[in-house]
Amino acid sequence: MTEYHTLQELQDLAVQQKKEIWQIVQQEDMDASERTSEQSYEKMHQMYEAMKYADTSYNGNLRSASGRAGGDGEKLHQYNASGKNICGAFIGLVMEKAIKMGESNSCMRRIVAAPTAGSCGVLPAVLLSYEEQFATTEERMVQALYVAAGIGKVIAENAFIAGAAGGCQAEIGSAAAMSAGALAYLQGADPQTVMHAAALSLKNMLGLACDPVGGLVEVPCIKRNSYGAVNAVASAQLALAGIRSAITPDDVIDSMRRIGNQMPTCLKETSEGGLATSASAEAY
């Protein structure tokens, strides 16, 4: 049996079957989509390659049609190269890649929705930076994508991943949770630690409004990708240190669902509230 509907069930299956989380997620994908293990792996590998290409093909000279997005990734790259960023090489790179990916989305480049286009920069930023900084095999990175997918599947099933349904907590929050779990896995975490990394990350995004200026996934969305990615890294480190979420991982997801349902419509991608109706936004 590989069917799971909660993070606890996913964790239990991995422990009971003495398998890695990614193997449980892959098997469920094979069962649901009638794919062989090779076909499932190849599909996930293609997604990772697409993330890589989107990162390496970033063009800092491009601007979105609105003129509100583009160039910030290059600014951060130059700042990192100057040695002035006190965050360190890894976090600096994570911040840079997240902004670049978000800008590429706004400039109509090819990206991977992970889990959405508006939150496309979080997971690639964490994974690609890890591979670059720690010389990990690509096979391990694909395995980490499976871990992220398993977490995302549970969130989508029990809450939401769309800003229009649950606010930005559902987009950047879900992406951060997926990334935190994937990073914890890459660093050798056991299944319980992976789930708590995801929970700690999602907890910090609860209640986040989705308030895009002008109805476009640019302001403040792109910069939120960077914050979500850094949050994911911090949460993974807390979990790996042995810190546990006082609220169970599945209760955190349920809380996000309840908070999202309680949010007014003006804070769920309608651009009728929050930053979208500020004086600065109206002056754009």
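Residues numbered from 1 in each chain as written. Predicted model: local features only at pLDDT ≥ 70, side-chain atom pairs only at ≥ 80, totals over all residues. Heavy atoms only, no water.

Engineer: Can you lay out the overall build of the chain for me, pointing to particular residues and giving the numbers?
Structural biologist: From N to C terminus, the chain includes 13 helices and zero strands. Tracing the chain from N to C terminus, the helices and strands come up as α-α-α-α-α-α-α-α-α-α-α-α-α. By the compact-globule yardstick of 19 Å for 284 residues, the chain fits well, its C-alpha radius of gyration being 18 Å. The C-alpha extent of the chain, read off along each of the three principal axes, is 55 × 45 × 40 Å. Expressed as a percentage of the 284 residues in the chain, the buried residues total 55%. Sequence-distant contacts in the chain: of pairs separated by 6 or more residues, those separated by 24 or more amount to 74%. Summed over all atoms, the accessible surface of the chain reaches about 12,200 Å², with 52% contributed by carbon and sulfur. Between the mean site of the 22 positive side-chain charges and the mean site of the 31 negative ones, the chain shows a separation of 5 Å. (Helix = DSSP H or I, 4+ residues; strand = E, 2+ residues; numbered from the N terminus. Rg over C-alpha atoms; globule rule 2.2 N^0.38 Å. Buried < 20%, exposed > 50% of the residue type's maximum accessible area, 1.4 Å probe, protein only. Contact = heavy atoms within 4.5 Å. Areas by Shrake-Rupley, 256 points an atom, 1.4 Å probe, with all protein chains shown as cover. Lys, Arg positive; Asp, Glu negative; His and termini not counted. Charge placed at Lys NZ, Arg CZ, Asp CG, Glu CD.)

Engineer: Run through the pattern of salt bridges, naming residues and quoting values.
Structural biologist: If you walk through the whole model with that rule in mind, you get 13 salt bridges. One salt bridge connects D72 with K75, and the closest N-O pair in it is separated by 3.5 Å. Taken together, the positions of D72 and K75, both in helix α4 (residues 72-81) and three residues apart, correspond to about one turn of that helix. Among the ionic pairs, D254 bridges to R257, the shortest N-O distance being 2.5 Å. A residue pair is termed a helical-turn pair when its members lie 3 or 4 positions apart in one helix, as D254 and R257 do in helix α12 (residues 249-262) at three residues. Residue D254 is classed as partly exposed on the basis of its relative accessible area, which comes to 28%. A cluster of three or more residues bridged by salt bridges with shared partners is formed by E28, K153 and E157. (Salt bridge = Lys/Arg side-chain N within 4 Å of Asp/Glu carboxyl O.)

Engineer: How would you summarise the nonpolar core if you had to cite specific residues and measurements?
Structural biologist: Counting 77 residues, the largest nonpolar core has I21, L123, L127, I151 and V194 as the members making the most contacts within it. Ignoring sequence-local partners within four residues, the contact set of L127 consists of Y48, M141, A144, L145, A182 and L186. (Core = buried A, V, L, I, M, F, W, Y, C linked by side-chain atoms within 4.5 Å.)

Engineer: I'd like a description of helix α1 (residues 7-16), backed by residues and values.
Structural biologist: Of the residues making up α1, those classed as buried are L7, L10, Q11, L13 and A14. The buried residues of α1 all sit within an arc of 160° when viewed along its axis, so they share a single face. Relative to its buried face, α1 has exposed residues pointing more than 90 degrees away, namely V15 and Q16. Packed against the buried residues of α1 are α2 (21-33), α7 (138-158), α10 (191-203) and α12. (Arc of directions from axis to C-beta.)

Engineer: Describe in detail the environment of A159, supporting the description with residues and values.
Structural biologist: As for its position among the elements, A159 is in the loop between α7 and α8 (163-166). Judged by relative accessible area, which is 14%, A159 ranks as buried. Once residues lying within four places of it in the same chain are set aside, the contact partners of A159 are I253, M256 and R257.

Engineer: So, the packing of helix α6 (residues 122-134) against helix α9 (residues 172-186): which residues are in play, and what are the values?
Structural biologist: Contact geometry of α6 with α9 gives a least axis separation of 8 Å together with a crossing angle of 20°. Relative to α9, the element α6 is oriented roughly parallel. As α6 runs across α9, the sense of the crossing is right-handed. Note on element contacts: α9 touches α6 through I172, A175, A176, M178, S179, A182, L183 and L186, opposite V122, L123, V126, L127 and Y130. (Axes fitted to C-alpha atoms, helices over the stretch in contact; angles between N-to-C directions. Parallel < 35°, antiparallel > 145°, perpendicular 65-115°, else oblique. Left-handed = near helix turned anticlockwise from the far one by under 90°.)

Engineer: Give me the lowdown on the packing of aromatic side chains, citing residues and values where you can.
Structural biologist: According to the stated counting rule, one finds three aromatic pairs in the structure shown. For the ring pair F90 and F134, a centre distance of 5.7 Å and an interplane angle of 65° mean the geometry is edge-to-face. Taken together, the positions of F90 in helix α5 (residues 89-106) and F134 in helix α6 put the pair 44 residues apart, joining distant regions of the chain. Under the relative-accessibility criterion, F90 is labelled buried at 15%. Each residue in the set F90, Y130 and F134 is aromatic and connected to the rest through ring pairs, giving one cluster. The ring of Y4 carries K153 above its face, with NZ or CZ at 4.4 Å from the centroid. (Phe/Tyr/Trp six-rings, centres within 6.5 Å; stacked < 30°, edge-to-face > 60°. Lys NZ or Arg CZ within 6 Å of the ring centre and 35° of its normal.)

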